[in-house]
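Spelled out, the chains give:
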Amino acid sequence: MEYAVLVDPDKCVGCRACQVSCKRWNNRPGEETSFSNEWTNPLELSFNTYTHIQFKLEHNEATDEIKWRFFNWRCMHCHEPACAEACPVNAITKFEEGPVVVDESRCIGCKFCISACPFDIPKFDTVTGKVSKCHMCYDRVPSREPSCVQACPTDALVFGPKEKILQMAKDRKVELDGHIYGDVDNKPLGGTSFIYVLDTEASVFGLPEVGERAPVTLPLIRNSKWLLIPAAAGGLLYLAAWRNSRMKEKEK
Amino acid sequence: MPKETSAPRKKYPPEVSKTTVIKGMLRTSLLDSAFHLLMAILLITGLIMDILGPWLGGWLHWMRQIAHGYLGAFFVLIFIVYLAKILYSKKMRTVLTATNYVDFLFYIAFVITGITIASVNSPWITYIPELAEVLAPIASYAPTIHITGTYVWILFSTVFPGGFLHGLASAYLIRHLKKRSKRGIQ
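Residues numbered from 1 in each chain as written. Chains lettered and ligands numbered in written order. Predicted model: local features only at pLDDT ≥ 70, side-chain atom pairs only at ≥ 80, totals over all residues. Heavy atoms only, no water.

## Some details on the sheet that holds strand S9 (residues 179–181) of chain A
Residue and element names in this part refer to chain A.
Stage number 1. Ordered in space as S8-S1-S10-S9, the 4 strands form an open sheet in which the pairing is mixed. Edge strands, defined here as strands with exactly one partner in the open sheet, are strand S8 (157–161) and S9. Each adjacent strand pair in this sheet contributes to an overall mean axis angle of 25 degrees, direction not counted. (Pairing = 2+ DSSP bridges. Helix = DSSP H or I, 4+ residues; strand = E, 2+ residues; numbered from the N terminus. Axes fitted to C-alpha atoms, helices over the stretch in contact; angles between N-to-C directions.)

Right under this line is the structure:
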């Protein structure tokens, strides 16, 4: 059965409990960070930071009111992950429960997944020479919810079977008069296991417009090696012709 | 009476072995030798990673990092010097080299896409941060161009060795020389 997480930024209070909980569960070291002008900290994801809250301050000029938007960000766990398609060593696996997981012991650090991911999620580490990202706590799912979901005090993150989560998203969409990002309204890379319900346009949160399928050029990475067959056949033909001419020379 | 000396007779065709070729290459140009040696290492390691990657996985990490990564970065530097030497040299031999090797177009594509793939992190992005913006438009296509380009290059080089690519180059060179000689006559 496939599981999903509903992300509701309207309920998020920016407490960063998900960030801390993720670090603790995955035993990832802290890093020297800084604040953005809008107080996002850390500024971006890294090899040791799988998730963070983005802070956005909105100013309504008509009413002169300000509004904070807090937005949990990490891997979307796509149904047809472009990163897995691009990986030449099969180090990235999409589990049927939903998580897309990088096996760091198999990773060779080629960074193809980074180039392929439209959400700019996988992060490379210069020390280990490997790539990492959120793995949706595949070591807990489905018996326990992901660590970030468990830590969320306001239910801005809810975990459950995908069908149930989709129904919750649809109900919440009506409440907010908003949009669903990740499934239903749009399905980036076949739909995602993290589904956002937003009260405004996805672009306000910096969510990119991603097609339902991975770029057609991506399968070429795996399939172009078949060109070696005609190349080898051509090489053999030349070898045969060269041997033939040499034999003739010897006969002379 | 002066003693008659006879110069040692040279054999024709001269005996050529792999060692004499390598020695000759090294004697003629260290840059040329380094360029071709690095190119061979990058091609072989790249093929090993792409073909055997699904089976060997993490065992190839050192190969990607050192033999394809750091040596790849070194190759880029050698390539720039090599290209500059060819472009600024007026010697006929180098002109011939430059025009014969249309393969250089492939090399340029490999270098640009290689830097693009690597530039998501050190060393390029650390030293030249502007690279990230410049290379961003091709970032998502770089791995495809890098890998597919390699196989297309291998196909052309084996199916049409000295034929397709070098034929094009020779045609260009002959046309160029004809133009020059006409100008000389006038």
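## Focus: the layout of surface pockets
All names here are of chain B.
Stage number 1. Reported here for the largest pocket is a volume of approximately 890 Å³.
Stage number 2. Along the walls of the largest pocket sit 38 residues, with Arg64, His68, Gly69, Gly114 and His146 positioned nearest its centre.
Stage number 3. Counting only elements with at least two residues in the lining of the largest pocket, the list comes to helix H2 (30–56), helix H3 (61–88), helix H5 (103–118) and helix H8 (142–159).
Stage number 4. Of the residues forming the lining of the largest pocket, the biggest block, 9 residues, is contributed by H3.
Stage number 5. A per-class count over the lining of the largest pocket returns 24 nonpolar, 11 polar and 3 charged.
Stage number 6. Volume-wise, the second largest pocket comes out at about 610 Å³. (1 Å grid on protein atoms, 1.4 Å probe; cavity = no way out; pocket = protein on both sides within 12 Å on 5 of 7 lines; lining within 4 Å. Points joined across faces, edges and corners; volume = space filled by probe spheres on them. Nonpolar A, V, L, I, M, F, W, Y, C, P; charged D, E, K, R; others polar.)

## A closer look at a nonpolar patch on the surface
All names here are of chain A.
Stage number 1. Side chains of Phe35, Trp39, Leu57, Ile66 and Trp68 sit close together on the surface and give an oily, nonpolar patch of about 570 Å² of accessible area.
Stage number 2. Inspection of the secondary structure puts Phe35 in the loop between helix H1 (17–26) and strand S2 (52–60).
Stage number 3. Residue classification places Phe35 among the exposed residues on the basis of a relative accessible area of 54%. (Patch = residues over 30% accessible without salt bridge, like charges linked within 9 Å, V, L, I, M, F, W, Y side chains within 5 Å. Areas by Shrake-Rupley, 256 points an atom, 1.4 Å probe, with all protein chains shown as cover. Salt bridge = Lys/Arg side-chain N within 4 Å of Asp/Glu carboxyl O. Buried < 20%, exposed > 50% of the residue type's maximum accessible area, 1.4 Å probe, protein only.)

## Quick word on the interface of chain B and chain A
Stage number 1. In this complex, chain B contributes 32 residues to the contact, which on the side of chain A involves 31 residues.
Stage number 2. Counting the surface lost from both chain B and chain A, the interface buries some 2,700 Å², and carbon and sulfur atoms represent 66% of this.
Stage number 3. Looking at the side of chain B facing chain A, the largest losses of area belong to His61, Arg64 and Tyr151 of chain B, adding up to 18% of the total buried there.
Stage number 4. With a closest N to O distance of 3.9 Å, Lys225 of chain A and Asp50 of chain B form a salt bridge.
Stage number 5. Linking chain B with chain A are 9 residue pairs in polar contact (both at pLDDT 80 or more), by the criterion used here.
Stage number 6. Mapped by element, the contributors of at least two residues to the side of chain B that touches chain A are H2, H3, H5 and H8 of chain B.
Stage number 7. Tallied by class, residues from the side of chain B that touches chain A come to 19 nonpolar, 11 polar and 2 charged. (Contact = heavy atoms within 4.5 Å. Buried area = accessible area lost by both parts, 1.4 Å probe. Polar contact = N/O pair within 3.5 Å; in protein donor to acceptor, adjacent residues only side chain to side chain.)

## As for the pairing of S8 of chain A
Two faces make up the sheet, and in a regular strand the side chains alternate between them.
Residue and element names in this part refer to chain A.
Stage number 1. Most of S8 is tucked away: 4 of the 5 residues are buried.
Stage number 2. Inspection of the sheet shows strand S1 (residues 3–7) paired to S8 by 5 bridges, in the antiparallel sense. Along S8, the bridge assignment pairs Val7 with Leu157.

## A few points about the nonpolar core
Stage number 1. Membership of the largest hydrophobic core comes to 69 residues, with the highest contact counts inside it found for Trp73, Phe119 and Tyr181 of chain A.
Stage number 2. Here this core gets 5 residues from one element, more than from any other, and that element is H8 of chain B.
Stage number 3. With sequence-adjacent residues up to four places away left out, Phe119 of chain A is seen in contact with Trp73, Met76, Cys78, Tyr181, Pro188, Pro208 and Val210 of chain A. (Core = buried A, V, L, I, M, F, W, Y, C linked by side-chain atoms within 4.5 Å.)

## As for H5 of chain B
Stage number 1. Here H5 of chain B spans 22 Å end to end across 16 residues, near enough to the 22 Å set by a 1.5 Å rise per residue.
Stage number 2. Along H5 of chain B, the residues that are buried comprise Asp103, Phe104, Phe106, Tyr107, Phe110, Val111, Thr113, Ile115, Thr116, Ile117 and Ala118 of chain B. (Expected span 1.5 Å × (residues − 1).)

## Focus on empty space enclosed by the protein
Residue and element names in this part refer to chain A.
Stage number 1. Scanning the entire structure with this criterion turns up 5 cavities of 30 Å³ or more.
Stage number 2. By volume, the largest cavity is sized at about 120 Å³.
Stage number 3. What lines the largest cavity is a set of 17 residues, and nearest its centre among them are Cys12, Cys18, Ile53, Cys152 and Ala156.
Stage number 4. Looking at the lining of the largest cavity residue by residue, the class counts come to 12 nonpolar, 3 polar and 2 charged.

## Here we look at the pattern of salt bridges
All names here are of chain A.
Stage number 1. Taken as a whole and judged by the stated rule, the model has 15 salt bridges over all chains.
Stage number 2. In this structure, the salt-bridge partner of Lys162 is Glu2, at a minimum N-O distance of 3.6 Å. One end of the pair, Lys162, is in helix H5 (residues 162–176); the other, Glu2, is in the segment before S1, with 160 residues separating them in the sequence.
Stage number 3. Two residues, Arg69 and Glu58, come together in a salt bridge whose shortest N-O distance is 2.5 Å.

## Considering the environment of Val81 of chain B
Stage number 1. Considering the arrangement of structural elements, one finds Val81 of chain B in helix H3.
Stage number 2. According to the relative accessible area criterion, Val81 of chain B is partly exposed, its value standing at 45%.

## Thoughts on the environment of Ala86 of chain A
All names here are of chain A.
Stage number 1. With respect to the helices and strands, Ala86 occurs in helix H2 (residues 82–86).
Stage number 2. Between the C-alpha atoms of Ala86 and Leu220, which are 134 residues apart in sequence, the distance is 9.2 Å.
Stage number 3. Dropping the residues within four chain positions of it, Ala86 is found in contact with Phe112, Ala116, Leu218 and Ile221.

## As for unusual backbone geometry
All names here are of chain A.
Stage number 1. Cis geometry marks the peptide bond from Asn41 to Pro42; its omega dihedral reads 0 degrees.
Stage number 2. With respect to the element layout, Pro42 can be found in the loop between H1 and S2.
Stage number 3. The peptide bond linking Val141 to Pro142 adopts the cis configuration, its omega dihedral lying at 5 degrees.
Stage number 4. With respect to the element layout, Pro142 can be found in the loop between strand S7 (130–132) and helix H4 (147–151).

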